[in-house]
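Each chain, written out:
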Amino acid sequence: MSLSGSNTALIGALVLTAACTPQPGLDGARLYQPGVVDIALPVASVQQRKFQTVIQQQYDFSCGSGALATLLRFHYGDPQNEQSVFLGMWREGDRAAIRRLGFSLLDMKRYLAGRGIAADGYKVTLEQIARVGSPGIALVDTQGYKHFVVVKGFDNGRVLVGDPALGLRRITTGEFSKIWNGVYFVINARAGSKTGSFASPTEWALAPGAPSFAPTEPLSQAALSLTRPILGDI
């Protein structure tokens, strides 16, 4: 599906217990406590579970490549990693600007175009994203900390976010609206694209297919180039 319009639009436990008991030990993929239990099972730490469907950024400045690799791998069946996307955006992007400021949405667009994948940034509302049901990348700003994240879905007034720094997390739509600049970067169309599976039964799948925000128009390349975390803020 193609999106119409010109590129002239403006482009942003504490738990109290009565008593404590010894905890079962973890030994690789075995859970055991002598005389109580000894079974084999897959074991993953809380940190590992949070990153089962999110590619963790390895550097302070690489949230862009982590977010885009997450979108491609887990939502479009494209087995990219942070390094491959990082190098691809570096190769296709404005290297001088990247050195000064870090990656932008325009760098993502250029990298994807070089691979024959159409993508654009749109000025939309959360209601539009929820209605279309398409994963995408958003730039959020938390107290001056600008950061790319993947929007994975909506449910009962909450947004499921794939954060390259923090992993999977849910935040309310109200909280998300306060930190999001309103720009949503999505893959427009790709032959044979498919959504990937999510890490746990509590996650919800996004609807497959190319997004359509008509009559909303794609943002200009100049506007996309301004949508980047500022190097030093991350």
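What counts and how
- Residues numbered from 1 in each chain as written.
- Predicted model: local features only at pLDDT ≥ 70, side-chain atom pairs only at ≥ 80, totals over all residues.
- Heavy atoms only, no water.
- Salt bridge = Lys/Arg side-chain N within 4 Å of Asp/Glu carboxyl O.
- Helix = DSSP H or I, 4+ residues; strand = E, 2+ residues; numbered from the N terminus.
- Buried < 20%, exposed > 50% of the residue type's maximum accessible area, 1.4 Å probe, protein only.
- Polar contact = N/O pair within 3.5 Å; in protein donor to acceptor, adjacent residues only side chain to side chain.

If you check an unreviewed UniProt entry, the chain appears there as Peptidase C39 domain-containing protein from Sandarakinorhabdus glacialis.

Caption draft 1: Structural context of the pattern of salt bridges. Inspection of every chain in the model, using the stated rule, returns 5 salt bridges. The shortest N-O distance in the salt bridge between D78 and R115 comes to 2.9 Å. A residue pair is termed long-range when its members are at least 10 positions apart, and D78 in the loop between α2 (63-76) and α3 (82-92) and R115 in the loop between α5 (105-114) and β4 (118-123) qualify at 37 residues. In this structure, K109 and D120 form a salt bridge, with 2.9 Å as the shortest nitrogen-oxygen distance. Of this pair, K109 sits in helix α5 while D120 sits in strand β4, and the two are 11 residues apart along the sequence. D120 shares its class with K109; the two are buried.

Caption draft 2: Quick peek at α5. Burial analysis of α5 places 7 of its 10 residues in the buried class, the great majority of the element. All buried positions along α5 are accounted for by L105, L106, D107, M108, K109, Y111 and L112. You can read the cap of α5 off the contacts: a side-chain oxygen lies 3.2 Å from the backbone nitrogen of L106, and it is on S104.

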